[in-house]
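Each chain, letter by letter, is given below.
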Amino acid sequence: MPEQGPRMNGFSLGELCWLFCCPPCPSRIAAKLAFLPPEPTYSVHTDTEGATSLHLTERADWQYSQRELDAVEVFTTRSSRGNRVGCMFVRRYTLLFSHGNAVDLGQMCSFYIGLGSRINCNVFSYDYSGYGVSTGKPSEKNLYADIEAAWQVLRNKYDVAPENIILYGQSIGTVPTIDLAARYECAAVILHSPLMSGLRVAFPDTRKTYCFDAFPSIDKVSKVASPVLVIHGTEDEVIDFSHGLAMYERCPRAVEPLWVEGAGHNDIELYAQYLERLKQFISFELPSS
């Protein structure tokens, strides 16, 4: 090894002389100048059943939860030259987003891109019958069939497992969300400005569900087995705040809700605590699968 001296671009003068004056071949010169592999910051452990897991050192600078670390898949493959190549696949949750009324996918797409990037999730959405390019007429039965179709696309076309799907419903979108969540277990459910039922919105003094009532979500939410986050504005002028409270109280696995003081029906997303609560819920509160 050459003697140490003044360093230039990470190399001492002696090292540079050794590199250029006594090179075995030009490719080694390029390799020494171009590649600076660090001391490994991780290792891959394989258990007795062949499953691999990722172990990080302090130098890896991990900033997330154990839940997210468990979702990182690590493995090795072989190159054509016989080298073992370390690989990493970062899996993310996918939101199945059921939007509110009087909007379609064209109006929501920018919001979806921003939301997905901020909470580090994929976003999959759909239009209800009669909305956007969706055919048919809007109806309660079509609403349930629409989200079922969207769920099947996620499961079969994109091969997303239920434990990686978060059902997100906003306003009228909480109706199909709750119906689906009562039938299929998933990673979690987010109810944004939910309604108990159609009759209870029109007639706030209604205390029970009648046979002619539409959207009876209050009677279905108790069947939801997944963790549920309820979000509601305290000054909601469309769906009274009492609906959010009632839905929260009926959820068997409700987490700490987000009551946005002073927020109405269409401006909750403008409050800083909205994104903060979503990040906290998704990154730290969902149980490990």
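Our structure's up above, just so we're on the same page.
These numbers were taken from a predicted model, which means no experiment stands behind them.

A look at the side chain of Ser226
In this structure, Ser226 sits in the loop between α7 (198-202) and β11 (228-233). A relative accessible area of 1% means that Ser226 is categorised as buried. Polar contacts involving the side chain of Ser226 include one to the main-chain carbonyl oxygen of Cys186, which spans 2.9 Å. Ser226 has contacts with Glu185, Cys186, Ala188, Val189 and Arg253, leaving out every residue within four places of it along the chain.

Remarks on the packing of aromatic side chains
Remark: the centre distance and the inter-plane angle together describe each pair of aromatic rings, the angle taken between the planes. Scanning the model with the defined rule gives 11 aromatic pairs in all. Here Phe111 and Tyr112 contribute two aromatic rings whose centre-to-centre distance is 6.2 Å and whose plane-to-plane angle is 55°, an arrangement assigned as tilted. Given the relative accessible area of 9%, Tyr112 is considered buried. Between Tyr128 and Tyr131 the ring centres are 5.4 Å apart and the planes differ by 85°, which places this aromatic pair in the edge-to-face class. Both residues of the pair, Tyr128 and Tyr131, belong to the buried class. Among the aromatic residues, ring-to-ring pairing joins Phe97, Phe111, Tyr112 and Tyr168 into one connected group.

Observations regarding the pairing of strand β5 (residues 72-78)
As defined by bridge partners, β5 adjoins strand β6 (residues 84-90) across seven bridges and the pair is classed as antiparallel. Within the sheet, the bridge partner assigned to Val74 lies in β6 and is Met88. From the end of β5 to the start of β6, which pair antiparallel, there are five residues, and Gly82 there has a positive phi angle of about 90°.

Observations regarding unusual backbone geometry
The backbone of Asp61 shows a phi angle near 60°, a positive value even though the residue is not glycine. Position of Asp61 relative to the elements: it lies in the loop between β4 (52-56) and α3 (66-70). Overall, Asp61 belongs to the exposed group, its relative accessible area being 53%.

With respect to the nonpolar core
Grouped together as the largest cluster of nonpolar side chains are 33 residues, with contacts concentrated most on Leu96, Leu167 and Val189. Secondary structure elements with two or more residues in this core: α5 (140-157), β9 (165-170), α6 (174-181), β10 (188-192), β11 and α8 (241-250). Of all the elements, α5 adds the most residues to this core, at six residues. Look past the residues within four positions of Leu167 in its chain and what remains in contact with it is Leu96, Trp151, Thr177, Leu180, Ala181, Cys186, Ala188, Val189 and Ile190.

Digging into the environment of Ser242
Locating Ser242 in the fold gives a position in helix α8. Using a relative accessible area of 35% as the deciding quantity, one classes Ser242 as partly exposed. Through-space distance from the C-alpha of Ser242 to that of His232 is 9.2 Å; in sequence the pair is 10 residues apart. A polar contact is formed between the side chain of Ser242 and the side chain of Asp240, at a distance of 2.8 Å.

Focus: helix α4 (residues 105-119)
When the terminal C-alpha atoms of α4 are compared, their 20 Å separation across 15 residues agrees well with the 21 Å that a helix rising 1.5 Å per residue should span. Maximal helix bending in α4 amounts to about 30°, located at Phe111. Buried within α4 we find Met108, Tyr112, Gly114, Leu115, Gly116 and Ile119. In this structure, the buried side of α4 is in contact with β7 (94-98), β8 (122-125), β9 and α9 (272-285). Phi turns positive, to about 60°, at Asn120, one or two residues after α4.

Rules of the game
- Residues numbered from 1 in each chain as written.
- Predicted model: local features only at pLDDT ≥ 70, side-chain atom pairs only at ≥ 80, totals over all residues.
- Heavy atoms only, no water.
- Helix = DSSP H or I, 4+ residues; strand = E, 2+ residues; numbered from the N terminus.
- Buried < 20%, exposed > 50% of the residue type's maximum accessible area, 1.4 Å probe, protein only.
- Polar contact = N/O pair within 3.5 Å; in protein donor to acceptor, adjacent residues only side chain to side chain.
- Contact = heavy atoms within 4.5 Å.
- Phe/Tyr/Trp six-rings, centres within 6.5 Å; stacked < 30°, edge-to-face > 60°.
- Pairing = 2+ DSSP bridges.
- Core = buried A, V, L, I, M, F, W, Y, C linked by side-chain atoms within 4.5 Å.
- Expected span 1.5 Å × (residues − 1).
- Bend = angle between axes of the 7 residues up to and from the residue.

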